[in-house]
Every structure is written in structure tokens, then in C-alpha cells.
Amino acid sequence: DQQVKQNSPSLSVQEGRISILNCDYTNSMFDYFLWYKKYPAEGPTFLISISSIKDKNEDGRFTVFLNKSAKHLSLHIVPSQPGDSAVYFCAASAVGGATNKLIFGTGTLLAVQP
Amino acid sequence: KAGVTQTPRYLIKTRGQQVTLSCSPISGHRSVSWYQQTPGQGLQFLFEYFSETQRNKGNFPGRFSGRQFSNSRSEMNVSTLELGDSALYLCASSLQGPYQETQYFGPGTRLLVL
């Protein structure tokens with residue numbers, strides 16, 4: 001069962017516009033969420049995270065929003081740049097028995113058109 | 001500080017063979033996690049090691065095993081290779097573990113099983 005879902009396999013956005021990547025989760029025990037970016041032939045790199053005690057976290061052009069009641073998080077990139085073109089993974093973890101692992105979504109390929 | 005290194009970067013094996021992949025974490029990191037990435041499946045958690053002990057394991061058959069050494073370097077082994085084992089294998093390290101910590105990924109080992 002896919003506990004973390006990214007339903008959009010790909011997204012195309014014009015340079016300078018907003019990119020919105022979405023992620024849904026099913027396990028209500030998840031309390032810490034992260035976004036990773038991955039370029040071809042490289043490992044994923046950490047982008048931004050959010051704890052369940054917050055509903056928003058911002059870092060430069062990147063903002064993550066968390067809606068716990070809907071079990072949904074989103075990553076906003078404003079303004080989008082061609083260098084942002086990559087695969088984006090959301091991930092979740094929980095305190096307790098599942099502490100020592102991250103559950104990843106299947107990824108969304110973002111293409112930012114110049 | 002050197003990043004996470006993985007060797008080899010590319011590997012071609014035939015069905016039935018076994019393979020060993022190596023991961024050297026960032027200096028000072030004691031937690032090493034392994035993931036399998038295949039198209040459409042995202043990153044699937046294999047296992048996590050901390051101080052030479054496996055703390056958590058994903059839903060993979062017993063053909064997948066791993067270990068961690070006293071210097072935190074880790075290896076994973078896949079025995080009796082199947083075509084479906086073709087994937088990118090990623091390892092990630094962190095100080096204490098994946099929960100509420102940033103995991104740093106290596107570039108991965110691309111395994112092709114013929």
C-alpha cells in the first residue's frame with residue numbers, strides 16, 4: 001500500500017510562474033514531512049521540511065504547506081526557474097515504530113520551460 | 001566534508017548471481033538507510049542500520065540483506081538476482097536516524113540484471 005502518494009507524475013510550468021507539487025498521505029501517525037529534489041544520475045537532495053505542529057514553512061523560493069485534516073501537503077516554488085527542472089519526492093516519517101525510515105512518494109517530474 | 005559515496009556506480013549481472021553494494025556515509029553519521037528506486041515506484045525503503053544494528057526493515061524478500069561495520073560503512077547484498085531487481089540503489093546517511101533529520105543521499109548504484 002502506498003502510504004504517500006504523488007498523483008501527478010509530471011508537471012510543466014513556464015519560467016517565472018508558480019509551480020505547485022502535491023502530495024497526499026494516508027497514515028495519520030506521520031508527523032514530519034520532507035521534500036527532496038533529484039536530478040538524473042544524482043542522489044536526491046533535501047529541499048525543505050515541515051513538522052506537523054506547523055502548517056507552513058518557507059525557505060526562499062520554496063514553501064511547503066501542510067493540511068493535516070486533509071492529509072495533504074504541497075510544495076510551492078515561486079518563481080520557477082529552468083534549474084528547478086527535476087523529479088520531486090515528498091517523504092514522511094512518524095515517531096514510534098516507524099521512526100527509523102522515511103516513506104517516499106513516487107515522485108513528480110517538474111519541467112520548467114524557459 | 002565529503003559526501004556519501006557508493007560503489008560501484010554501475011553494475012551488470014545475470015539472473016541467479018549475487019551482488020554486493022557498498023556505501024560510505026558522511027563522517028560522523030551513524031545511521032545508514034538503503035532504498036530501491038524503480039520507475040513508477042519511487043524510493044522503496046529497504047533497511048536502516050545504526051551502530052551495526054539493523055533497526056528497521058522494509059517489505060523486501062530475504063534475498064536482500066545488509067550489514068554495517070564499526071566505521072559506519074554499510075553493504076547490502078542481493079542474492080539469486082532476478083530481472084526485477086534491476087534498479088537504482090541509493091543509500092543515505094544521517095547522524096542519528098531518518099526521523100526529523102535530513103538524510104544525505106549518495107549518487108546510487110545502477111544495477112542491471114540480464
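Right above here is the structure, for reference.
Read on for a plain summary of the structure. The model shown is predicted, which means the values in this text are computed figures rather than measured ones.

Residue and element names in this part refer to chain B. Taken in spatial order, the four strands line up as 1-3-8-7 in an open sheet, and their pairing is antiparallel. At either end of the open sheet lies a strand with only one pairing partner, and these are strand 1 (5-7) and strand 7 (64-68). The mean inter-strand angle of the sheet, taken between neighbouring strand axes irrespective of direction, is 20°. Summarising the sheet, strand 3 (residues 19-24) and strand 8 (residues 74-78) pair through five bridges and their orientation is antiparallel. By the bridge assignment, Leu21 is partnered in strand 8 with Met76.

On to the interface of chain B and chain A, then. Buried accessible area, meaning the area lost when the parts come together, often serves as the stated size of an interface. In this assembly, 24 residues from chain B lie in contact with 24 residues from chain A. Note on chain B versus chain A: buried area summed over both sides is about 1,800 Å², and carbon and sulfur give 57% of it. Applying the counting rule to chain B against chain A returns zero salt bridges. Put simply, chain B and chain A have three residue pairs in polar contact (both at pLDDT 80 or more) between them. Listed by contribution, the elements that provide at least two residues to the side of chain B that touches chain A are strand 4 (31-38), strand 5 (42-50), strand 6 (53-57) and strand 9 (87-94) of chain B. When grouped by side-chain class, the residues that make up the side of chain B that touches chain A number nine nonpolar, 10 polar and five charged.

Scoring rules and cut-offs
Residues numbered from 1 in each chain as written. Chains lettered and ligands numbered in written order. Predicted model: local features only at pLDDT ≥ 70, side-chain atom pairs only at ≥ 80, totals over all residues. Heavy atoms only, no water. Pairing = 2+ DSSP bridges. Helix = DSSP H or I, 4+ residues; strand = E, 2+ residues; numbered from the N terminus. Axes fitted to C-alpha atoms, helices over the stretch in contact; angles between N-to-C directions. Contact = heavy atoms within 4.5 Å. Buried area = accessible area lost by both parts, 1.4 Å probe. Salt bridge = Lys/Arg side-chain N within 4 Å of Asp/Glu carboxyl O. Polar contact = N/O pair within 3.5 Å; in protein donor to acceptor, adjacent residues only side chain to side chain. Nonpolar A, V, L, I, M, F, W, Y, C, P; charged D, E, K, R; others polar.

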